[in-house]
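Structural description and commentary
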Amino acid sequence: MRMVDLIAKKRDGQSLSKEEIEWIVTGYTNGKIPDYQMSALTMAIFYQDMTDQEITDLTLAMANSGDVVNLENIEGIKVDKHSTGGVGDTTTLVLAPLVASVGVPVAKMSGRGLGYTGGTLDKLEAIPGFQIELSEDKFVELVNESKVAVIGQSGNLAPADKKLYALRDVTATVDSIPLIASSIMSKKIAAGADAIVLDVTTGDGAFMKNLEDAKRLASTMVQIGKLANRQTMAVISDMSQPLGEAIGNSLEVVEAIETLQGKGPKDLEEMCYVLGSQMVVLAKKADTLEQAREMLEEALHSGKAFAKFKEMVANQGGDVSVIDHPEKLLTAKYEIELPAKQSGVITKLVANELGIAAMMLGAGRKTKEDTIDFAVGLKLRKKVGEAIQEGESVLTIYANQPAEEIQDVVALLYQNIEIGPSGQEPPLIHGIITE
Ligand code: URA
Ligand code: CA
């Protein structure tokens with residue numbers, strides 16, 4: 001086979017065979033196919049799209065390009081959850097112990113944040129002592145005994161995707177549905193879960209800015225899951241404004257604790273029930289979504305889910321005393337209120353731009369090498385659809401620099417907060433896609 005012929009084939013709108021796709025993925029991973037040819041192919045895919053069969057073949061080839069995690073030693077049906085990315089998305093911190101507390105094994109591999117999106121690993125590391133690196137044996141043992149553990153992705157999970165994602169990032173080919181779908185699903189499949197719940201976000205703070213694209217991405221991934229023999233479903237959720245109220249690592253740990261104590265923001269709690277019910281049903285711990293939801297509500301309100309979170313923190317070496325005294329985590333030197341410039345109703349809190357503001361404060365990384373400041377971030381005092389008076393605080397900035405030094409952040413925030421005469425809370429869930 002010659003790469004140039006395969007590039008031409010895709011350029012002309014034809015489908016690549018399984019053998020051709022496997023040859024490309026193997027050759028690219030071991031360096032025999034150079035970046036410039038792979039760039040041409042990804043651009044051809046960007047314009048010509050791929051069939052579900054091609055996307056599945058690409059996904060499986062990338063999943064098999066490195067380590068494939070074997071979770072067979074964990075009893076029960078393992079269900080993974082994956083979000084396509086968001087701002088202030090504190091879901092995993094709440095969902096993992098919540099679902100585990102009703103008996104679903106949660107063997108979760110999470111990632112770090114980059115750019116305006118946060119990552120679960122960074123948030124967990126805001127808890128002093130928390131270890132996100134565990135041996136595979138220890139990971140399996142914890143999930144069997146305690147039903148939950150969250151670790152970092154193994155270094156050699158889907159290396160083809162790692163290489164390809166870096167290439168797409170600099171060749172304007174990230175925004176391609178077949179490439180995003182295969183990228184996400186290759187990692188999920190290599191991570192070993194039996195069933196997968198996808199949270200496909202849509203809106204300013206998401207990859208998929210409009211609902212049509214989000215639906216297509218969701219159906220494509222559900223279809224790949226089916227062809228790869230993993231039960232998969234997707235929830236399409238709103239990311240036009242940040243989820244919950246907190247954006248930033250320690251702030252989100254505090255938000256997770258409050259939510260697990262029944263005192264958290266209602267949208268975050270609802271999101272956890274919606275995703276969690278699907279996980280419980282896929283794991284066959286309940287027959288219906290209604291039954292699953294009742295179990296989760298009971299676990300949250302009885303304190304069972306919160307106890308599970310503490311157990312998870314203790315199991316992974318974290319300091320449990322901060323979980324009982326979350327105020328210990330709020331160590332930013334300055335708390336600066338952002339007053340509304342007029343009275344009215346909040347009509348916009350542009351999620352990605354608020355994520356960038358939090359990153360500029362130090363809550364996120366501009367490049368992979370950056371270190372992050374766990375203490376800083378934003379706490380929304382109002383959300384879209386809520387009334388506000390001139391002078392009232394829209395949000396609190398948690399910073400380690402005084403107000404004079406973060407005027408660029410303040411300006412960016414004001415540009416991305418809109419107040420109008422009337423406005424409505426956006427729907428949290430835009431749709432559910434199953435096989
Ligand atoms: N997340 C991924 O893992 N891959 C993509 O291509 C986009 C989002
Ligand atoms: Ca949040």
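Residues numbered from 1 in each chain as written. Chains lettered and ligands numbered in written order. Predicted model: local features only at pLDDT ≥ 70, side-chain atom pairs only at ≥ 80, totals over all residues. Heavy atoms only, no water.

So, the overall build of the protein chain
- Of regular secondary structure, the protein chain possesses 17 helices and 13 strands.
- Here the protein chain has a C-alpha radius of gyration of 22 Å; the compact-globule value for 435 residues is 22 Å, and the two agree.
- In terms of principal-axis extent, the alpha carbons of the protein chain reach across some 65 × 45 × 40 Å.
- With 435 residues in all, the protein chain has 57% of them scored as buried.
- The long-range fraction of contacts in the protein chain, counting pairs at least 24 apart against all pairs at least 6 apart in sequence, stands at 78%.
- Accessible surface computed for the protein chain: about 17,600 Å², of which carbon and sulfur atoms make up 49%.
- Here the protein chain contributes 42 positively and 62 negatively charged side chains, and the mean placements of these two sets differ by 3 Å. (Helix = DSSP H or I, 4+ residues; strand = E, 2+ residues; numbered from the N terminus. Rg over C-alpha atoms; globule rule 2.2 N^0.38 Å. Buried < 20%, exposed > 50% of the residue type's maximum accessible area, 1.4 Å probe, protein only. Contact = heavy atoms within 4.5 Å. Areas by Shrake-Rupley, 256 points an atom, 1.4 Å probe, with all protein chains shown as cover. Lys, Arg positive; Asp, Glu negative; His and termini not counted. Charge placed at Lys NZ, Arg CZ, Asp CG, Glu CD.)

So, the nonpolar core
- Of all hydrophobic cores here, the largest spans 54 residues; its most connected members are V79, L124, I127, V280, F309 and I323.
- Broken down by element, the residue count for this core peaks at 9 residues, all from helix α12 (residues 266-282).
- Setting aside residues no more than four positions away along its own chain, L124 makes contact with L93, F130, I132, V150 and M312.
- Within the second largest apolar cluster, 39 residues are counted, among which are L6, M50, L198 and M208. (Core = buried A, V, L, I, M, F, W, Y, C linked by side-chain atoms within 4.5 Å.)

A few points about the packing of aromatic side chains
- Across all of its chains, the model carries 1 aromatic pair by this definition.
- When the centroid spacing of 5.2 Å and the interplanar angle of 75° are considered together, the rings of F46 and Y47 count as edge-to-face.
- The class of F46 is partly exposed, set by a relative accessible area of 32%.
- One residue, K163, lies across the ring of Y28, its end atom 4.5 Å from the ring centre.
- Looking at K187, its charged tip hangs above the ring of Y165, at a distance of 5.9 Å from the centre. (Phe/Tyr/Trp six-rings, centres within 6.5 Å; stacked < 30°, edge-to-face > 60°. Lys NZ or Arg CZ within 6 Å of the ring centre and 35° of its normal.)

Here we look at the pattern of salt bridges
- For the structure on display, the rule yields 24 salt bridges.
- D122 serves as the salt-bridge partner of R365, at 2.9 Å between the closest nitrogen and oxygen. Of this pair, R365 sits in the loop between α16 (351-361) and β9 (377-380) while D122 sits in helix α6 (residues 120-125); the two residues are 243 residues apart in sequence, bridging distant segments of the chain. In terms of burial, R365 and D122 fall into one category: buried.
- For D161, the salt bridge goes to K187, with nearest N and O atoms at 3.1 Å. Of the two residues, D161 is situated in helix α8 (residues 159-169) and K187 in helix α9 (residues 177-190); the sequence distance between them amounts to 26 residues.
- Looking at D161, the relative accessible area reads 4%, which means it is buried. (Salt bridge = Lys/Arg side-chain N within 4 Å of Asp/Glu carboxyl O.)

A closer look at the UniProt feature "domain: Pyrimidine nucleoside phosphorylase C-terminal" (unreviewed entry) in the protein chain
- Sites flagged by UniProt as "domain: Pyrimidine nucleoside phosphorylase C-terminal" (unreviewed entry) map to residues 345-420.
- Annotated as residues 345-420, this span is 26% helix and 29% strand, and its ends, taken at the C-alpha atoms, are 5 Å apart. (UniProt positions renumbered as here; feature names shortened; annotations may be inferred.)

A short note on the packing of α12 against helix α13 (residues 289-301)
- Their axes nearest at 8 Å, the elements α12 and α13 cross at an angle of 125°. One way to sum up the angle between α12 and α13 is to call them oblique. Between α12 and α13 lies a crossing of right-handed hand. Taking contact as the criterion, the partners of E269, E270, Y273, G276, S277, Q278, V280 and V281 in α12 are, on α13, L289, A292, R293, M295, L296, E297, L300 and H301.
- Residues that form the contact of α12 with α13 fall into these classes: 8 nonpolar, 4 polar and 4 charged. (Axes fitted to C-alpha atoms, helices over the stretch in contact; angles between N-to-C directions. Parallel < 35°, antiparallel > 145°, perpendicular 65-115°, else oblique. Left-handed = near helix turned anticlockwise from the far one by under 90°. Nonpolar A, V, L, I, M, F, W, Y, C, P; charged D, E, K, R; others polar.)

A look at the site of ligand 1
- Every residue close to ligand 1 is listed here: Y165, R168, I180, S183, I184, K187 and F207.
- Within the side chain of K187, an N or O atom sits 2.5 Å from an oxygen atom of ligand 1.
- Protein chains bury 90% of the 240 Å² of accessible surface belonging to ligand 1 in isolation.
- When contributions to the shell around ligand 1 are tallied by element, the ones reaching two or more residues are α8 and α9.
- Top contributing element to the shell around ligand 1 by residue count: α9, with 4 residues. (Near = heavy atom within 4 Å. Polar contact = N/O pair within 3.5 Å; in protein donor to acceptor, adjacent residues only side chain to side chain.)

Topic: the sheet that holds strand β7 (residues 334-339)
- Pairing in this open sheet of 4 strands is antiparallel, and the strands run β6-β9-β11-β7 from one edge to the other. Each edge of the open sheet is held by one strand with a lone partner, namely β6 (246-247) and β7.
- Sheet analysis places β7 next to strand β11 (residues 393-399), joined by 6 bridges and oriented antiparallel. Counted as the bridge partner of P339 is S393 from β11.
- In this fold α16 packs onto β6, β9 and β11, with an angle of close to 140° to the strand it touches most, β9.
- Across the sheet, helix α17 (residues 407-415) touches β7, β9 and β11, and the angle it forms with β7 is around 35°. (Pairing = 2+ DSSP bridges.)

Brief notes about the pairing of strand β1 (residues 79-83)
- Where burial is concerned, most of β1 is hidden: 5 out of the 5 residues are buried.
- Taking every second residue as pointing to the same face, both faces of β1 are buried, with V79, K81 and S83 on one and D80 and H82 on the other.
- Looking at chain direction, β1 and strand β4 (residues 195-202) are connected through 5 bridges and run parallel. The partner of S83 across the bridge, within β4, is D199.

Topic: the environment of K162
- Its place among the elements puts K162 in helix α8.
- Between the alpha carbons of K162 and M62 there is a distance of 9.4 Å; along the sequence they are 100 residues apart.

Here we look at empty space enclosed by the protein
- Under the counting rule described, the total for this entry stands at 4 cavities of 30 Å³ or more.
- Within this model, the largest cavity holds a volume of roughly 180 Å³.
- Lining the largest cavity are 21 residues, with Y116, T117, G118, A363 and G364 sitting closest to its centre.
- Secondary-structure elements contributing two or more residues to the lining of the largest cavity are α6, α11 (249-260) and α16.
- A total of 3 residues in the lining of the largest cavity trace back to one element, the largest contributor, which is α16.
- Considered class by class, the residues forming the lining of the largest cavity number 7 nonpolar, 10 polar and 4 charged.
- Among the elements of the structure, α2 (18-29) and α3 (35-48) are those that each provide at least two residues to the lining of the second largest cavity. (1 Å grid on protein atoms, 1.4 Å probe; cavity = no way out; pocket = protein on both sides within 12 Å on 5 of 7 lines; lining within 4 Å. Points joined across faces, edges and corners; volume = space filled by probe spheres on them.)

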